[in-house]
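Each chain, written out:
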Protein chains: 2
Amino acid sequence: MIKCHTFIYSICIIVMMLSSCQRHHPMEAAGKELTAPKVQELTKEIMSEAEQLSLFDKVLAEVIAEVDEEISQGIEVPLPKDMAGGYTHERHKRNFFILEKAGNLYRITKENKYASYIKESLMAYADMYPTLPLHPTQKSYATGKIFWQCLNDANWLVYVSQAYGAILDTLSSSERNHLETQLFRPMADFLSIENPKFFNRIHNHSTWANAAVGMIGLVMNDKDLIDRALYGLPINENNTLTKDNDGGYIYQQGMAKAGFLAQLDGSFAPDGYFTEGPYYLRYAIFPFLKFSQALSRRMPELDIMNYRDGIMTKAIYALLNQTDANGQFFPINDAQKGMSWNARELVTAVDILYYEDPSNKTLLDIARRQAKVLLDETGLAVSKALEAGEAEPYRQTPMIYGDGEDGSEGGVGILRNGQTCLVMKYSAQGMGHGHFDKLSYSLYDDVGEVVQDYGAARWVNIDQKGGGRYLKENQSFAKQSIAHNTAVLNSTSHYVGMIEKGELHHPFLYFANYEDADRQIMSAKDTNAYEGVELHRTMILLTDESLPNPLTLDLFRVSGEVPAQVDLPLWFQGHVLATDFEYTKSLSELRPLGDSYGYQHVWQQASTAIDEDQNHTLTWFAQGKFYTTTFSASSGEELIIGMAGANDPSFNLRHDPVLIRRKPAVTDALFASVIESHGTYDPISEIPLNPYSDIKTLDVLQDDEVYTIIKLSTNEGISWIIGIANQSLDQSMNHALSLADQQLSWTGPYTITKL
Amino acid sequence: MIKCHTFIYSICIIVMMLSSCQRHHPMEAAGKELTAPKVQELTKEIMSEAEQLSLFDKVLAEVIAEVDEEISQGIEVPLPKDMAGGYTHERHKRNFFILEKAGNLYRITKENKYASYIKESLMAYADMYPTLPLHPTQKSYATGKIFWQCLNDANWLVYVSQAYGAILDTLSSSERNHLETQLFRPMADFLSIENPKFFNRIHNHSTWANAAVGMIGLVMNDKDLIDRALYGLPINENNTLTKDNDGGYIYQQGMAKAGFLAQLDGSFAPDGYFTEGPYYLRYAIFPFLKFSQALSRRMPELDIMNYRDGIMTKAIYALLNQTDANGQFFPINDAQKGMSWNARELVTAVDILYYEDPSNKTLLDIARRQAKVLLDETGLAVSKALEAGEAEPYRQTPMIYGDGEDGSEGGVGILRNGQTCLVMKYSAQGMGHGHFDKLSYSLYDDVGEVVQDYGAARWVNIDQKGGGRYLKENQSFAKQSIAHNTAVLNSTSHYVGMIEKGELHHPFLYFANYEDADRQIMSAKDTNAYEGVELHRTMILLTDESLPNPLTLDLFRVSGEVPAQVDLPLWFQGHVLATDFEYTKSLSELRPLGDSYGYQHVWQQASTAIDEDQNHTLTWFAQGKFYTTTFSASSGEELIIGMAGANDPSFNLRHDPVLIRRKPAVTDALFASVIESHGTYDPISEIPLNPYSDIKTLDVLQDDEVYTIIKLSTNEGISWIIGIANQSLDQSMNHALSLADQQLSWTGPYTITKL
């Protein structure tokens, strides 16, 4: 089988070289042997004509330059010592990236220097590994040997097994035997048998572990390792509900199986949603795909790409769609912002998925934006298809994703029109990386976040910030409900901020409809975040020719039996430009909003007490655009403008602003509001265009357990009535109401009526 | 003369149309008359082939679309009522922009609709103007009629006189007489004779006034108005030192002349520096140029472009050079950030200057980046030259600019290498828009501000923020010394924050040398900001192959006879990543740093007391880059990390961070520090590159009134010794010192020696 791979790569390189040569050197190429030095020569020449290069050629030239530079600096395999961001961590990490690339280059060029570099590097690791103790940091629930956690050791093995596979037939059997007995098998055993807590979970950590053990098993042709990877270790009946470093349970209650196939069964909802959210799916998808790619080649009888009705394909499309207009992932749960579909894991996903099924022509559009391909047969296929002009436009779509293994544990709803994108999260807890933000939302447009999800309090891989790990403010602030755009009762987070409770429950979709692009709606409920309280949020993305951009309408009902204080934060992104209400600003003293559940991290900047029922507005400015929220405020309500950053001893938090609407001691409350992007300002022309809101009034016509009816009117005199049947999903039920100055009737759970 | 202009434009349009036609319609054009409808037809067709269009064609198509849309909406000339940002203000402003554009279009296309639109608009203004009272707002030292200040009325007349000139020969003599007696002459008189305080200053306001009166005078062929514009009104001997709305003096002491030529004499230093700074030069340059352009045509005997040895050309080149790598102006004094060489005033400057002297080929490179040209003979010339490939690369340069009419009142020094740019400001006060920041500096790189000048507290033209005017925080914070990167003694601003004192003094350049691009240096002193105190700052931009980017070295000496507390703020742009010192952070209560001179606007976030002499570092992160400042701290010193935004009742200030080094009760103090940009981090790869400082030590080897000697060493073991002779500028003087472990000798005022 190995030889077969080599053959495939030889075909690739010949195809590729000919295609380059035909463009650049039609005469020279004919009848000449394509020796390795020739490749470099061509590459060099080609580089000067960069614009005419195929994507594959460009990446090849870049990677040759990168790996050659690294080879020239010599091999370094230091004794493990540091946390992420520290020298030994970053050095070993760089080693596995470079080894995998060198393996690709050897497959393509057959240049000895790449094979030698890999061999010598592996020998250096094999010299060190047998006597390597556990990593001295001992800060992980599963401490590694080369890195501080087994997870990074598994990363290493996933990458390095590919490099080893690339040079396998250049090694003598005694060399193979040395590497396999001193390095690879001990490492595979360490990551599995010796660390069942790490290997046998249903979790992205274990996906990496399974893939690592399985991929080296395939290269070594070791059925025992392959089976261990696919089916896991036997389940220990004495598993206890201990937690990992992120506060997630290591074993889920009633877990009956483990291993790679169990991950495919248990990690995704049927439509591909991943319970930890897109940032972690991006991370997890890589070992899923790389192991699957190897399985496709070596065990085609498994038909892994069609496993569970093609779950991996669905997961990748779901991942691509959980992005804003710039391709950045929605930063729900623990996510570092800025991660996008340009990540290397998505390059891998797009290339492998296209190669497995070249009818996915819209993937080529993503590949074009990524401007990167893998240096293997999949990347070559993508590059050639791009050159042949086969790309079809990729378009993000509105979508309702179910969460949980069978898609029944709530989910995430995405409404979008043009570049405006509204995301409501009513998913399950999302394990250790989940946040306590039932029914929270975030809003995006062409310039990025309009209403933000804070994401994680973490600087991934940046040593100076806690070794790149989650910071304590992640638990004390970023995970708490007040850090999100959702209702918080009695200044206490959902599920009292306890993952044990969160894992037991989930909200549910009430209804959704995005058939009419101009009147998209989603509605979800939760009855467990607070005992005896129903949270019910309906969000609408309303587009009308009279308005410059889609409007976001938000109707958040809170009903319980016991009076409670209800806060609804709006984490708008930008600078407060104006309000139509007077406020008292804290001029010479700032104090936090509270002392727990994240409130201790919010400075109170300004506040006001509302003494009559009427609409109010806050306008903010960000990135050259004006935004206004108009909301119905009630007498007795308090408005608070705050800023994150209190009780933050190490400058770990951003100083982001928030508007909190606070209703005191209520049993039933409706928070009705609308957000508009209405104008622009350019500091070069200095001309503000449409700096004022287009909304005139937002009236709550009725709100009770049966109906919520609001009326929205613009300055141009255009009005809409929105009606929600709060208790009936019956599509054929007729509703008829007498309102103050009109009759309203409709059929089904809601109406959006333009007057 | 008017006919002559028309003829020039006819030539232009024919040249232009032929050039378009030759590319797109070689057959059609031959022998056909170029009627106006034909132009539109062509334009429409051309628009679909946008990539092949010349810049002039593209702008023409855009402007036709814009003006036609405006014409279709009808003429609106509302009764003046609002401040900037309000409806009547923005409407009248839009009117003058559109009228000028319609004039250009009429000149090019000869389409009647443009002439009619202009005529009808002017008639509407002529109907309103005779009975128009002063603007009801009465908030300016010189209240206008159409706008709240005469300045905007003058803007209107500068633009509209061009539109009037364009259609002059389409009007009957009675129509002209009506417009001139009802509108133009009364307005010219109002802006001059009736408002001498506005017309007769040496100030950008008066430049607008002079140009407005002169330009309409040229169109009306009215020698009285032209002379009034060129030479001003008689100087009133009873002028008092009253101030304008910005706190600037209306008349300068001893002022002997006024008018446009006096502005040219008095507004610029000999090398083109403008005392208010680049943001205001950008604003002021427009009327200078437009009036000069008209004078060139109509009064060539004045040879205005060569007036004062070509001062306008020098001013424009000085303006283009006062920019960062992205073409944004240094926001010194009252400036709104984001303004750049893409501003319409700079498009005007570049086109006119190129037209007047086509040997200025590097201007074409700026025009290419602007992607805009004027719709007249100057823009056509630029467009054609661009198409002919005549552009030569424009490169910003290091430069020392003198301030003041004869260049002797201090100045601004710019050191740069690659995209790194270091600006020290030791200029005169800069009139009403000046800040109290003697010897302050700012630092820029490829991503923008590294160490910022706060700029103005103002949202230009944004109605919601105080009608777009300067906010009170501009006076109380943005102008104060603590808001800048310069020494502040006893928590009191330079000149006690009094413009009366500031206008009397200025710092001076001690020496500068940027001949060696890798060792650029500038040194300046001030002896008036604080009585009996000398401030002496030397800044170096040091580039070395061992370092990834140029280093900024800062040696700030403060010496006085009476002990004083000295603060040196560093307004770094970014998020605190790490410090090598422990600090006490204010966790649950923030208080301002002081109660006056801007200190009341800075929250104290963290502080620490230094108990031994040693270096310390602070690393920050911004826009994907790591920066570190390493500084020598002394026992007894306090370090404070603060944040702007205290005592800001209307959210007018940004929450920007600052590091303040505070030395208590000292007579002699040296603040030595270095700033490096040393690494990068991309949230997609999540790999930090070089996140730690490359600087190992920064030692002060000697510091007294005669010498300041420091030694800088990197982790790689490379060292430099920098020596400054604090009292001798003698280029041939030999200096020899015995330091702890070595002898140091050099010749001249400084040495930068690599060991």
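Residues numbered from 1 in each chain as written. Chains lettered and ligands numbered in written order. Predicted model: local features only at pLDDT ≥ 70, side-chain atom pairs only at ≥ 80, totals over all residues. Heavy atoms only, no water.

Attention shifts here to the overall build of chain A. The number of helices and strands found in chain A is 19 helices and 25 strands. Against the 2.2 N^0.38 benchmark of 27 Å for 755 residues, chain A shows a C-alpha radius of gyration of 28 Å, consistent with a compact globule. By its C-alpha atoms, chain A is 90 × 65 × 55 Å across when sized along the principal axes. Within chain A, buried positions represent 63% of all 755 residues. Of all intrachain contacts in chain A linking residues separated by at least 6 positions in sequence, the fraction that spans at least 24 positions is 66%. Of the roughly 26,600 Å² of accessible surface on chain A, a fraction of 50% belongs to carbon and sulfur atoms. Charged side chains in chain A number 62 positive and 96 negative. The centres of these two groups are separated by 6 Å. (Helix = DSSP H or I, 4+ residues; strand = E, 2+ residues; numbered from the N terminus. Rg over C-alpha atoms; globule rule 2.2 N^0.38 Å. Buried < 20%, exposed > 50% of the residue type's maximum accessible area, 1.4 Å probe, protein only. Contact = heavy atoms within 4.5 Å. Areas by Shrake-Rupley, 256 points an atom, 1.4 Å probe, with all protein chains shown as cover. Lys, Arg positive; Asp, Glu negative; His and termini not counted. Charge placed at Lys NZ, Arg CZ, Asp CG, Glu CD.)

On to the relation of the copies chain B and chain A. Structural alignment of chain B on chain A gives an RMSD of 0.0 Å, achieved by rotating through 180 degrees and translating 0.0 Å along the axis. Both chain copies can therefore be described as sitting about a two-fold axis. Proximity to the rotation axis, assessed at the C-alpha, singles out Leu590 of chain B in chain B; its C-alpha lies 2.4 Å from the axis. When you check the interface residues of chain B against chain A, 100% turn up at the interface there too, and the contact is symmetric in its surfaces. (Least-squares fit on C-alpha atoms with pLDDT ≥ 70 in both.)

With that settled, consider the packing of aromatic side chains. Residue and element names in this part refer to chain A. What the rule picks out here adds up to 58 aromatic pairs over all chains. For the pair Trp208 and Tyr283, a centre-to-centre distance of 5.3 Å together with 40 degrees between the ring planes defines the contact as tilted. One end of the pair, Trp208, is in helix α10 (residues 204-220); the other, Tyr283, is in helix α13 (residues 278-298), with 75 residues separating them in the sequence. For the pair Trp208 and Tyr283, one class covers both residues: buried. On the numbers, 5.2 Å between centres and 85 degrees between planes, the contact of Tyr454 with Phe477 is edge-to-face. Pair noted here: Tyr454 is in the loop between β5 (448-451) and α18 (472-478) and Phe477 is in helix α18, with a separation of 23 residues, a long-range link. (Phe/Tyr/Trp six-rings, centres within 6.5 Å; stacked < 30°, edge-to-face > 60°.)

Turning our eyes to something else, we now look at the interface of chain B and chain A. Counting residues at the interface gives 61 residues for chain B and 61 residues for chain A. Surface buried jointly by chain B and chain A totals about 5,000 Å² across both partners, of which 57% is contributed by carbon and sulfur atoms. In terms of surface lost to chain A, no three residues of chain B exceed Gln464, Phe651 and Ile684 of chain B, which account for 15% of the buried area on that side. The tally of links from chain B across to chain A stands at two salt bridges. Taking the shortest distance from any N to any O, the salt bridge between Arg591 of chain A and Glu589 of chain B comes out at 3.5 Å. Seen at the junction of chain B and chain A, the total is 29 residue pairs in polar contact (both at pLDDT 80 or more). (Buried area = accessible area lost by both parts, 1.4 Å probe. Salt bridge = Lys/Arg side-chain N within 4 Å of Asp/Glu carboxyl O. Polar contact = N/O pair within 3.5 Å; in protein donor to acceptor, adjacent residues only side chain to side chain.)

Residue and element names in this part refer to chain B. What the five strands build is an open sheet, ordered β1-β2-β3-β4-β5; its pairing is antiparallel. Where the open sheet ends on each side, the last strands, each with one partner, are β1 (399-402) and β5 (448-451). When strand polarity is set aside, the average angle formed by the axes of neighbouring strands in this sheet is 20 degrees. Strand direction decides the pairing type here: strand β2 (residues 410-417) and strand β3 (residues 420-427), joined by eight bridges, are antiparallel. Residue Gly413 lies in a different strand from β3, and its bridge partner there is Met424. (Pairing = 2+ DSSP bridges. Axes fitted to C-alpha atoms, helices over the stretch in contact; angles between N-to-C directions.)

The next thing to look at is the confidence of the model for chain A. Of the residues in chain A, 91% reach a pLDDT of 70 or more, and the chain-wide mean stands at 91. Scored as a complex, the prediction yields pTM 0.90 and ipTM 0.89. (pLDDT = per-residue confidence, 0-100.)

Attention shifts here to the pattern of salt bridges. Residue and element names in this part refer to chain B. Taken as a whole, this structure holds 70 salt bridges over all chains when the rule is applied. Of the charged contacts, one joins Arg185 and Asp222 as a salt bridge, the two residues approaching to 2.2 Å between their closest N and O atoms. With Arg185 in helix α8 (residues 173-191) and Asp222 in the loop between α10 (204-220) and α11 (223-231), this residue pair connects regions lying 37 residues apart in the sequence. Its relative accessible area of 32% is what places Arg185 among the partly exposed residues. Lys663 serves as the salt-bridge partner of Glu637, at 2.8 Å between the closest nitrogen and oxygen.

This paragraph deals with the side chain of His616 of chain B. Residues and elements named next belong to chain B. Structurally, the position occupied by His616 is in strand β15 (residues 614-622). Within the structure, the side chain of His616 is placed 3.0 Å from the side chain of Asp580, a separation counted as a polar contact. Not counting chain neighbours up to four residues away, the residues in contact with His616 comprise Asp580, Phe581, Ile610, Thr629, Thr630, Phe631 and Ala633.

Turning our attention to unusual backbone geometry. Its identity is not glycine, yet Ser491 of chain A carries a phi of approximately 50 degrees, on the positive side. Tracing the sequence through the fold places Ser491 of chain A in the loop between β6 (488-489) and α19 (499-502). With a relative accessible area of 22%, Ser491 of chain A lands in the partly exposed category. In the Ramachandran plot, Asp309 of chain B falls in the positive-phi region, its phi being about 60 degrees despite a non-glycine side chain. Assignment of secondary structure puts Asp309 of chain B in helix α14 (residues 307-321). Asp309 of chain B gets classed as exposed once you look at its relative accessible area, which sits at 62%.

Each assigned domain of chain A is listed with its residue range as follows: domain 1 (50-266) and domain 2 (463-754). Its C-alpha centre places domain 1 of chain A at a distance of 45 Å from the equivalent point of domain 2 of chain A. (Domains from an automatic or database assignment.)

Another point: the packing of α13 of chain A against helix α14 (residues 307-321) of chain A. All names here are of chain A. Here α13 crosses α14 at 145 degrees, and the two axes come no closer than 11 Å. When the axes of α13 and α14 are compared, the crossing they make is left-handed. Residues Pro278, Leu281, Arg282, Ile285, Phe288, Leu289 and Ser292 of α13 lie in contact with α14, whose contacting residues are Met312, Ala315, Ile316 and Leu319. Split into classes, the residues belonging to the contact of α13 with α14 amount to nine nonpolar, one polar and one charged. (Left-handed = near helix turned anticlockwise from the far one by under 90°. Nonpolar A, V, L, I, M, F, W, Y, C, P; charged D, E, K, R; others polar.)

Our focus in this paragraph is α10 of chain B. Residues and elements named next belong to chain B. Here α10 contains 17 residues, and its C-alpha end-to-end distance of 24 Å stays within 8% of the 24 Å for a straight helix at 1.5 Å per residue. Extensive coverage of α10 is indicated by the burial of 17 of its 17 residues. Just downstream of α10, Asn221 is the residue with a positive phi angle, here 55 degrees. (Expected span 1.5 Å × (residues − 1).)

Looking now at the nonpolar core. Ranked by size, the top nonpolar core spans 126 residues in total, and within it Trp156, Tyr164, Phe184, Leu191, Phe198, Leu264 and Phe291 of chain A carry the most contacts. With 12 residues, the top contributor of residues to this core is α13 of chain A. With residues near it in sequence (within four places) discarded, Phe184 of chain A still touches Leu122, Trp156, Leu157, Val160, Tyr164, Leu179, Ile216 and Met220 of chain A. Core analysis: the second largest hydrophobic core is formed by 124 residues, Tyr141, Phe147, Trp208 and Phe329 of chain B among them. (Core = buried A, V, L, I, M, F, W, Y, C linked by side-chain atoms within 4.5 Å.)

This part is about the pairing of strand β18 (residues 657-682) of chain A. Residues and elements named next belong to chain A. With respect to burial, β18 is a largely interior element, 19 of its 26 residues being buried. Two elements, strand β10 (residues 551-570) and β18, share 14 bridges in a ladder whose sense is antiparallel. For Leu570, the partnering residue across the bridge sits in β18 and is Leu659. Two strands pair when backbone bridges link them, and strand β16 (residues 625-633) and β18 are joined in this way by seven bridges, in the antiparallel orientation. Across the sheet, Tyr627 pairs through a bridge with Ser677, a residue of β18. In this sheet, β18 lies alongside strand β17 (residues 638-644) in antiparallel orientation, the contact comprising six bridges. Residue pairing for β18: Ile640 is matched across the bridge by Ile660.

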